[in-house]
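Here are the chains, one letter per residue:
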Protein chains: 2
Amino acid sequence: MAPMTRKPHPARHPTTAPHRGASRHSSPSSRLDPAIAARLKRSTDGLVPAIAQQYDTGEVLMLGWMNDEALHRTLTTGRCTYWSRSRQEYWVKGDTSGHVQYVKSVALDCDADTVLVKVDQVGAACHTGARTCFDADVLIEDAVSDVQSLGQ
Amino acid sequence: MAPMTRKPHPARHPTTAPHRGASRHSSPSSRLDPAIAARLKRSTDGLVPAIAQQYDTGEVLMLGWMNDEALHRTLTTGRCTYWSRSRQEYWVKGDTSGHVQYVKSVALDCDADTVLVKVDQVGAACHTGARTCFDADVLIEDAVSDVQSLGQ
């Protein structure tokens, strides 16, 4: 399903971009289902952000990046697979650390430019050893803002 | 706190980029706390992805984008505020729709290149009327992959 897009991308993020070969970072040999590839909206480097969430507790574990082939592998292997921007290679989460992410569900957002992967995370999601990548650098917490205090 | 970065960005995503003026999309007049701005790692368009999560249920609601000033406003106004890439303007979530996001907490990830905002979402987060932006386009669900079935 490809809902109408409220947020058309500017010209350098063309919504009509071909699903392959948009840049050297995309996946010319991707095996991703063409029906999915056709609606996927990638950034100029051929990637989409992918949010990993623990399927049962709801913890947001980390954000990685996927190209078409990484999404294909995530959908078909049961293991969450990213495109490493620093190493410029596929990154099967946990292959080195053992901190595997077993895939429970995968969804695109309404604009097809973000992936949400619900996973069963083995051990720490973060390379620092923290359970999630968002544990250590909290800017504010327990803010009192709500409907009552701020009005609506 | 700025943990060591495991994923150094390639040259065009310099980790030592100045926190202002990286591109025309950044916030030359941002009032963001300089200590936060100094460690924030933006994409080439001066933005970072921001995940909005319902603070009590854990639902991942949507992903938007923030520049320095949008993050500052999110931290200080109690209302989640994005930078709209399509309209090239600040977007105080709910100003038009009434579907306000009241800020409960804000965290950066370990690389300081992603924001997680826990919010209290009024009504639908998605412009389609769905509660979240990830409700309508589920690619797979209830996958059986787990430690037992795939091994480790």
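Chain A goes by Phosphoribosyl-AMP cyclohydrolase in an unreviewed UniProt entry, where it is assigned to Streptomyces flaveus. Entered under Subcellular location (unreviewed entry) in the UniProt record, the comment concerning chain A runs "Cytoplasm". Taken from UniProt, the Subunit (unreviewed entry) comment for chain A reads in full: "Homodimer."

1. A short note on the pairing of strand β5 (residues 101-108) of chain B
Taken across its eight residues, β5 of chain B has eight buried, putting it largely inside the fold. In the sheet, strand β7 (residues 137-140) of chain A pairs with β5 of chain B via three bridges, with the strands oriented antiparallel. If you follow aspartate 137 of chain A over to β5 of chain B, its bridge partner there is leucine 108 of chain B. The pairing of β5 of chain B with strand β6 (residues 115-121) of chain B spans seven bridges and is classified as antiparallel. In the sheet register, valine 103 of chain B faces β6 of chain B, and the bridge partner there is valine 119 of chain B. In this structure, the hairpin formed by β5 of chain B and β6 of chain B is closed by a connection of six residues, where alanine 112 of chain B is found at a positive phi of approximately 55°.

2. Some details on the sheet that holds strand β1 (residues 48-54) of chain A
Pairing is mixed in the open sheet, where five strands are placed in the order β2(A)-β1(A)-β6(A)-β5(A)-β7(B). Sheet topology places β2 (60-66) of chain A together with β7 (137-140) of chain B at the edges, where each strand pairs with a single neighbour. Each adjacent strand pair in this sheet contributes to an overall mean axis angle of 30°, direction not counted. Two elements, β1 of chain A and β2 of chain A, share six bridges in a ladder whose sense is antiparallel. By the bridge assignment, valine 48 of chain A is partnered in β2 of chain A with methionine 66 of chain A.

3. Side note on helix α2 (residues 68-77) of chain B
Summarising burial for α2 of chain B: seven of the 10 residues are buried, a large majority. Buried within α2 of chain B are the following residues: Asp68, Glu69, Ala70, Leu71, His72, Thr74 and Leu75 of chain B.

4. Describing the side chain of glutamine 101 of chain B
All names here are of chain B. Its place among the elements puts glutamine 101 in strand β5. Residue class for glutamine 101 comes out buried when judged on its relative accessible area of 0%. Those residues within four positions of glutamine 101 in sequence are excluded, and the remaining contacts are Ala52, Leu61, Met62, Gly78, Arg79, Cys80, Tyr82, Lys93, Val119, Asp120 and Gln121.

5. A word on the environment of tyrosine 102 of chain B
Checked against the element boundaries, tyrosine 102 of chain B lands in strand β5. Put simply, tyrosine 102 of chain B and asparagine 67 of chain B are 35 residues apart on the chain and 19 Å apart in space, counted from C-alpha to C-alpha.

6. Looking at the UniProt feature "binding site: Zn(2+)" (unreviewed entry) in chain A
All names here are of chain A. Per the UniProt record, "binding site: Zn(2+)" (unreviewed entry) is annotated on Cys110, Cys126 and Cys133. These residues run over 24 residues, and the two farthest C-alpha atoms among them are 27.7 Å apart, placing them at more than one spot. You can see cysteine 110 is positioned in the loop between β5 (101-108) and β6 (115-121). When you line up the elements, cysteine 126 lands in the loop between β6 and β7.

7. Let's talk about the confidence of the model for chain A
Low-confidence regions, as indicated by low pLDDT, have predicted coordinates that should not be scrutinised in detail. Residue and element names in this part refer to chain A. Predicted confidence across chain A gives a mean pLDDT of 84, with 76% of residues reaching 70 or more. Overall, residues 1-26 carries pLDDT values under 50, and its contacts beyond four positions in sequence, including any with other chains, amount to 54 contacts. Interface confidence in the predicted complex, given as ipTM, is 0.80; pTM for the same model is 0.81.

Conventions used here
Within each chain, residue numbers correspond to sequence positions counted from 1 in written order. Written order decides the labels, with chains lettered from A and ligands numbered from 1. Per-residue local features of the predicted model are confined to residues with pLDDT of at least 70, and side-chain atom pairs are confined, for both listing and counting, to 80 or more; whole-chain, interface and lining totals are unaffected and use all residues. Side-chain metrics in this entry use all non-hydrogen atoms of the structure; hydrogen atoms and water are not considered. UniProt positions are given in the numbering used here, feature names are shortened, and annotations may be inferred rather than shown by experiment. We call a residue buried when its accessible area falls under 20% of the maximum for its residue type, exposed when it is over 50%, and partly exposed in between, using a 1.4 Å probe and counting protein chains only. A run of H or I in DSSP counts as a helix once it spans at least four residues, and a run of E counts as a strand once it spans at least two, with each numbered from the N terminus. Each pair of strands is called paired provided DSSP finds at least two bridges between the two strands. Where helices are involved, their axes are fitted lines through C-alpha atoms of the stretch in contact, as for all axes, and angles between N-to-C directions lie from 0 to 180°. Contact between two residues is taken to exist if any of their heavy atoms lie within 4.5 Å; hydrogens are not considered. A score from 0 to 100, pLDDT tells how confident the predictor is in each residue.

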